[in-house]
Amino acid sequence: MSGSLHPARKVARVAMEKQVTTDIVNEKERDFQKFIQTRGLKSTKQRSTIVSVFFNMKGHISVEELLREVKAVNPRIGYATVYRTLHLLVESGLVEERRFGDGLARYEGHSQVEHHDHMICQECGKIFEFYNPELEALQEKLAVEHNFVIHRHRLELYGKCMDDESCQKRQADRKNQA
């Protein structure tokens, strides 16, 4: 059994992870509803659908990607409603708008592990998230050396995937989706 989980434990672990995800999504939906109420806006089924779909997606999501998933749930929801709801999510602080140099706005829900940095492949567009405690410590050390207090930072490294075959496949997939 060198390092692998017993099948029953794998099933239990997947079920637990799914429950944690469901709990997080439910919490985000409640937080958004509170935000909507404080702004004096109506709570609608369309907004609820968009929020639920968004928080069940992974990664850095464009408006078009979200719209495609939302339409699978409710084909009557349009681009403008998705766009406006995304901007409300950003205003609420539950979502952050990111731009990675490809001209698209992408949206990222704040995760349980809040801080992370990004490596972006300029060929295929893949976004790798990473967290490095040594890098974080170095930033703090530099701040102290320069008598500076860091309130926040954003690190984006641009380059190219080392795996040419996977990179080319992602490029082709992106062209087919366009």
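Residues numbered from 1 in each chain as written. Predicted model: local features only at pLDDT ≥ 70, side-chain atom pairs only at ≥ 80, totals over all residues. Heavy atoms only, no water.

What follows covers the environment of methionine 57. Looking at where methionine 57 falls in the secondary structure, it is placed in the loop between α2 (45-56) and β1 (61-62). For methionine 57, a relative accessible area of 23% translates into the label partly exposed. Separated by 51 residues in sequence, methionine 57 and glutamate 108 have C-alpha atoms that sit 9.6 Å apart. Apart from the residues lying within four places of it in its own chain, the contact partners of methionine 57 are Glu65, Leu66 and Glu69. (Helix = DSSP H or I, 4+ residues; strand = E, 2+ residues; numbered from the N terminus. Buried < 20%, exposed > 50% of the residue type's maximum accessible area, 1.4 Å probe, protein only. Contact = heavy atoms within 4.5 Å.)

What follows covers the packing of α2 against helix α4 (residues 79-92). One way to put it is that α2 packs onto α4 with a least axis distance of 10 Å and a crossing angle of 70°. As summarised for this structure, α2 and α4 are arranged roughly perpendicular, according to the angle between their axes. In this structure, α2 crosses over α4, and the sense of that crossing is right-handed. Across the interface between the two elements, Gln46, Arg47, Ile50, Val51, Phe54 and Phe55 of α2 pack against Thr81, Val82, Thr85, Leu86, Leu88 and Leu89 of α4. Per-class residue counts for the contact of α2 with α4 are 8 nonpolar, 3 polar and 1 charged. (Axes fitted to C-alpha atoms, helices over the stretch in contact; angles between N-to-C directions. Parallel < 35°, antiparallel > 145°, perpendicular 65-115°, else oblique. Left-handed = near helix turned anticlockwise from the far one by under 90°. Nonpolar A, V, L, I, M, F, W, Y, C, P; charged D, E, K, R; others polar.)

Turning our attention to the sheet that holds strand β3 (residues 105-109). Read from one edge to the other, the open sheet built from 3 strands follows the order β1-β3-β2, with strand pairing classed as antiparallel. Of all the strands in the sheet, the pair left with one neighbour each is β1 and β2 (95-99). Contacts between α2 and the sheet are confined to β1, β2 and β3, with β3 contributing the most and set at about 80° to the helix. (Pairing = 2+ DSSP bridges.)

Time to look at the confidence of the model for the protein. With 85% of its residues at a pLDDT of 70 or more, the protein shows a mean pLDDT of 82. Within the protein, helix α1 (residues 7-38) has the poorest average pLDDT of any element, 68, and α4 the best, 94. This model gives residues 8-20 a pLDDT under 50, and the stretch forms 2 contacts once residues within four places in sequence are excluded. (pLDDT = per-residue confidence, 0-100.)

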